[in-house]
Amino acid sequence: MVCLGKRRMKVAAPNIREYFEPVLGTRPWKAKLGVGSFLTLDFGRRVKDRGHMHGEWHLWIYLSNWALFHGDRRLADSDSDRHVIAVAVRRLEETSLTDLRFEREQLKTTFVFGDFRLVVSGADYLDDADERDYYWLLFMPTKEVLRVGPSGIQVERDETPHYA
Amino acid sequence: MSNRDQNREFRAAVREIERLISRKLTDIEWDRLHREITGKGFSFGTIVEVGLGMFG
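Residues numbered from 1 in each chain as written. Chains lettered and ligands numbered in written order. Predicted model: local features only at pLDDT ≥ 70, side-chain atom pairs only at ≥ 80, totals over all residues.

1. Side note on the overall build of chain B
Logical step 1: A tally of helices and strands in chain B yields three helices and zero strands.
Logical step 2: For 56 residues, the compact-globule formula gives about 10 Å, and the C-alpha radius of gyration of chain B, at 10 Å, lands near that figure.
Logical step 3: Along the first, second and third principal axes, the C-alpha set of chain B runs to 30 × 20 × 15 Å.
Logical step 4: Put simply, chain B has 56 residues, and 36% of those count as buried.
Logical step 5: A separation of at least 24 residues holds for 58% of the contacts in chain B among residues at least 6 apart in sequence. (Helix = DSSP H or I, 4+ residues; strand = E, 2+ residues; numbered from the N terminus. Rg over C-alpha atoms; globule rule 2.2 N^0.38 Å. Buried ≥ 20, exposed ≤ 12 C-beta atoms within 10 Å, placed from the backbone. Contact = placed C-beta atoms within 7 Å.)

2. A short note on helix α1 (residues 3–21) of chain B
Within an α-helix, residues lying three or four positions from one another point in the same direction, as the helix has 3.6 residues per turn.
Logical step 1: With 19 residues, α1(B) should reach 27 Å at 1.5 Å per residue; the first-to-last C-alpha distance of 27 Å fits that figure.
Logical step 2: The inward-facing, buried residues of α1(B) contact α2 (82–90) of chain A together with α2 (27–37) and α3 (44–55) of chain B.
Logical step 3: Phi for Ser22(B), located one or two positions after α1(B), is positive at around 60°. (Expected span 1.5 Å × (residues − 1).)

3. Let's talk about the confidence of the model for chain B
In low-pLDDT regions, the fine details of the predicted coordinates are not to be read closely.
Logical step 1: Mean pLDDT over chain B: 96, with 100% of residues reaching 70 or higher.
Logical step 2: On the interface metric, ipTM, the complex scores 0.95, and its pTM is 0.91. (pLDDT = per-residue confidence, 0-100.)

4. Focus on the pairing of strand β4 (residues 39–49) of chain A
Residue and element names in this part refer to chain A.
Logical step 1: Across four bridges, the pairing between strand β3 (residues 30–33) and β4 is antiparallel. For Lys-30, the partnering residue across the bridge sits in β4 and is Asp-42.
Logical step 2: Here β3 hands over to β4 after five residues, with Gly-36 in that stretch at a positive phi of 55°.
Logical step 3: Where β4 and strand β5 (residues 52–61) come together, nine bridges link them in antiparallel fashion. Paired with Leu-39 across the strands is Ile-61, a residue of β5.
Logical step 4: Linking β4 to β5, which pair antiparallel, is a turn of two residues; within it Arg-50 sits at a positive phi near 50°. (Pairing = 2+ DSSP bridges.)

5. Quick notes on the environment of Tyr134(A)
All names here are of chain A.
Logical step 1: Relative to the assigned elements, Tyr-134 resides in the loop between β10 (116–122) and β11 (136–139).
Logical step 2: Taking the C-alpha atoms as reference, Tyr-134 lies 23 Å from Phe-116; in sequence the two are 18 residues apart.
Logical step 3: The contacts of Tyr-134, once residues within four sequence positions are left out, are Tyr-62, Leu-63, Arg-147, Val-148 and Gly-149.

6. What about the packing of α2(B) against α3(B)?
In a packed pair of helices, the relevant descriptors are the angle between the two axes and the axis-to-axis distance.
All names here are of chain B.
Logical step 1: One way to put it is that α2 packs onto α3 with a least axis distance of 10 Å and a crossing angle of 130°. Taken together, the axis directions place α2 and α3 in an arrangement best described as oblique. As for how α2 packs across α3, the hand of that crossing is right-handed. Along the contact surface, α2 presents Glu-29, Arg-32, Leu-33, Glu-36 and Ile-37, while α3 presents Ile-47, Val-50, Gly-51, Met-54 and Phe-55.
Logical step 2: Its residues assigned to classes, the contact of α2 with α3 shows six nonpolar, one polar and three charged. (Axes fitted to C-alpha atoms, helices over the stretch in contact; angles between N-to-C directions. Parallel < 35°, antiparallel > 145°, perpendicular 65-115°, else oblique. Left-handed = near helix turned anticlockwise from the far one by under 90°. Nonpolar A, V, L, I, M, F, W, Y, C, P; charged D, E, K, R; others polar.)

This is the structure we're talking about:
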């Protein structure tokens, strides 16, 4: 399927964890609150794109419900006060991404950072959610973008890397 | 405005930009727009203007 310079790769039941292998065991050098409850986490080499620094590996937690735990303690979730989120999410810069768990039936992803867990599932606040309302996206230096959303898991390759 | 409202507003702004430029934004363009407006507290209209400036 060809669409505006993008090639959709048909990957049968991709193993999400495999895509994260290169960054497992590494710390996000930036973990930040974006618009609303969106989060961005940057791994790997720092690259500059149009005046903004980000990682070669760039994880964007997008239209989702999420919760961040430290052990059993819930530090923040996607409905928390923005200041609380900003402080809580920065704590992920202290530790490495150690594991990733994906529950295919619920399309629920748990990003494990040592004792921290970031649990991400679909947004329950969209009345008309469509296939582009991704829960999260991972931009990779291989020009691929891994996405999980209402339609499941997708991997696309773009013509240019995200830091071109 | 709640976090949910801001999320929905960004989503709606992307859709509006796409309507005005008559094409879908790529994931990378989407991400670039998000980076550009993060922390600036822009209104819906301003987000659309920024997007048109970047991709229009």
